[in-house]
Amino acid sequence: MSQLIVREAFALSALNTFALPAQAAQYCALSDSSQLPEVLAAQQRSGLALFVLGGGSNLLLTQNLDAFVLHMTTQGKRVLSQQADVVLVEAEAGEAWHPFVLWTLSQGFGGLENLSLIPGTVGAAPVQNIGAYGVEINDRLHSLDAWDCQQEQLVTLNAQDCAFAYRDSCFKREPARWIILRVRFALYPAASTPLALEYGPIRQHLSHLDIAQPTPADVSRAVCAIRAEKLPDPRQLANAGSFFKNPLVPAQQALALLAQYPAMPSYPQADGQTKLAAGWLIEQAGWKGYRDGDAGVHANQALVLVNYGSATGAQMKALAQRIQTDIHERFAVALDIEPIVI
Ligand SMILES: Cc1cc2nc3c(=O)[nH]c(=O)nc-3n(C[C@H](O)[C@H](O)[C@H](O)COP(=O)(O)OP(=O)(O)OC[C@H]3O[C@@H](n4cnc5c(N)ncnc54)[C@H](O)[C@@H]3O)c2cc1C
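Just so it is clear, the model here is predicted, and its values are computed rather than measured. (Residues numbered from 1 in each chain as written. Predicted model: local features only at pLDDT ≥ 70, side-chain atom pairs only at ≥ 80, totals over all residues. Heavy atoms only, no water.)

Trainee: I would appreciate a short explanation of the overall build of the protein chain in the present structure.
Mentor: Along the backbone of the protein chain there are 8 helices and 21 strands. The C-alpha atoms of the protein chain give 21 Å as radius of gyration, which agrees with the globular expectation for 342 residues (20 Å, within 12%). If one aligns the C-alpha atoms of the protein chain with their principal axes, the spans along those axes are about 60 × 50 × 35 Å. Looking at the protein chain as a whole, 49% of its 342 residues are labelled buried. For the protein chain, contacts bridging at least 24 residues in sequence account for 61% of all contacts bridging at least 6. (Helix = DSSP H or I, 4+ residues; strand = E, 2+ residues; numbered from the N terminus. Rg over C-alpha atoms; globule rule 2.2 N^0.38 Å. Buried < 20%, exposed > 50% of the residue type's maximum accessible area, 1.4 Å probe, protein only. Contact = heavy atoms within 4.5 Å.)

Trainee: Hey, could you run me through the sheet that holds strand S19 (residues 295–297) in this one?
Mentor: Where strands meet in a sheet, backbone hydrogen bonds hold them as pairs that are either parallel or antiparallel. Pairing in this open sheet of 4 strands is antiparallel, and the strands run S14-S20-S19-S18 from one edge to the other. Looking along the sheet, the strands with just one partner apiece sit at the ends: strand S14 (238–242) and strand S18 (291–292). Sheet topology note: the S14/strand S20 (residues 304–307) ladder contains 3 bridges and is antiparallel. Paired with serine 242 across the two strands is valine 304, which belongs to S20. (Pairing = 2+ DSSP bridges.)

Trainee: I keep staring at the sheet that holds strand S17 (residues 273–276) and nothing clicks. Help me out?
Mentor: Taken in spatial order, the 3 strands line up as S15-S17-S16 in an open sheet, and their pairing is antiparallel. Two strands lie at the open edges of the sheet, namely strand S15 (248–250) and strand S16 (266–268), each paired on one side alone. For this sheet, the mean inter-axis angle between neighbouring strands, taken without regard to orientation, is 35 degrees. As paired strands, S16 and S17 are joined by 3 bridges and run antiparallel to one another. (Axes fitted to C-alpha atoms, helices over the stretch in contact; angles between N-to-C directions.)

Trainee: Just to check I follow, could you spell out the side chain of lysine 172 for this structure?
Mentor: Checked against the element boundaries, lysine 172 lands in helix H3 (residues 170–173). Of the buried charged residues, lysine 172 lacks a salt bridge, with aspartate 168 as the closest side chain of opposite charge at 5.6 Å. Here glutamine 128 takes part through its side chain, which lies 3.5 Å from a polar atom of the side chain of lysine 172. Non-local contacts of lysine 172, meaning those with residues more than four positions away in its chain, are made with Val127, Gln128, Arg167, Lys245, Glu338 and Ile340. (Lys, Arg positive; Asp, Glu negative; His and termini not counted. Salt bridge = Lys/Arg side-chain N within 4 Å of Asp/Glu carboxyl O. Polar contact = N/O pair within 3.5 Å; in protein donor to acceptor, adjacent residues only side chain to side chain.)

Trainee: Can you walk me through the state of the cysteines in this structure?
Mentor: Covalent bonding between the sulfur atoms of two cysteines defines a disulfide. Across all of its chains, the model carries 0 disulfides by this definition. A disulfide-free cysteine, cysteine 149 has its sulfur positioned 13 Å from the sulfur of cysteine 170, the nearest such atom. A residue is classified by how much of its surface remains accessible, and cysteine 170, at 12% relative accessible area, is buried. (Disulfide = S-S within 2.5 Å.)

Trainee: It is not clear to me how the site of the ligand should be interpreted in this structure. Could you clarify?
Mentor: By nearness alone, 36 residues border the ligand, and Val52, Gly55, Ser57, Thr121 and Gly131 come closest of all. Between the ligand and serine 57, the relevant distance is 2.7 Å, taken from an oxygen atom to a side-chain nitrogen or oxygen of the residue. In the environment of the ligand, an oxygen atom lies 2.7 Å from a nitrogen or oxygen atom belonging to the side chain of threonine 121. Computed on the free molecule, the ligand has an accessible area of 970 Å², of which 95% lies beneath the protein chains in the complex. Secondary-structure elements contributing two or more residues to the shell around the ligand are strand S3 (49–53), strand S9 (131–132), strand S13 (178–189) and S14. Of the residues contributing to the shell around the ligand, the split by class is 20 nonpolar, 13 polar and 3 charged. (Near = heavy atom within 4 Å. Areas by Shrake-Rupley, 256 points an atom, 1.4 Å probe, with all protein chains shown as cover. Nonpolar A, V, L, I, M, F, W, Y, C, P; charged D, E, K, R; others polar.)

The structure is reproduced here in structure tokens:
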């Protein structure tokens, strides 16, 4: 068991993919979940609020974090049970997401392939119900173990308990309450995996490679290739992925906008609302490739804000607000920021 070290005024710039300068008032990495009681005691002694940190890929740090930052670095993944049509796997919160997806595929299990190459950790994946190419974590999550800081007890929650919605969950709504410790997924044997190929250019990509009967691993490779083409790698150009959520508007409003902009992508939802593509709206408004100092909108992907070097979180937020105001004035559509803003 490694010794717990609590650090003061700890720099977080290397621990968030936007590379934004900010310090944690106190910082402690948790590599062994059996040390949780000790960590919680240290946090209570500090008198600071708790903030759980994963891979820092969904954060906009606009100021120092006046908190006790608990960095989840716990490792471990395992197959819990394997039946003819369902496989149960479990991973600790600090496991990196994409290597975990690759591991499930290498074990011969399908179900997570569309979520390949999403940065971050397993423990953070349920927080915003990560989704890509027609699949969300709530489609595959079996259950998770978490520490409930409010009730001061360890709980096991199933997918229904997590109250998942589009890029949302109970964890996002009550951020200081939960520490997700490990997550279990219900997957499929590769051969009987129901593949989701309809969303985005997955099918075109596979047919381009002459793959008529794709395996989950083929779909994962296609998703990785499509994402690598479309999204900047945070190791090369600092960013936090999609910066705005795709807005939901009443069907009437979508029809009025479609009459004005017939090429506008729109996706009617089961609840009667229509989902619009935030990136399309931002591109139409002329923001793609815009740069103000080191804060900018990516040249190939209008949904991604980028830090070209030394932008601060406040500068990134100011740029985001200018875009939100402009989109509202042009289309009467409110854009919500996807990352957690500190
Ligand atoms: C290039 C790029 C592409 C992306 N693409 C996608 C995409 O396709 N789809 C998508 O949904 N997201 C995407 N994201 C966003 C991001 O990768 C995900 O939201 C990811 O799950 C965040 O994980 P993280 O470990 O980095 O979380 P962090 O950024 O560290 O934390 C995010 C939130 O989760 C909380 N949290 C973290 N770990 C825990 C835990 N163990 N217990 C409780 N709370 C916790 C934090 O307190 C914070 O509120 C992308 C980001 C980037 C940079």
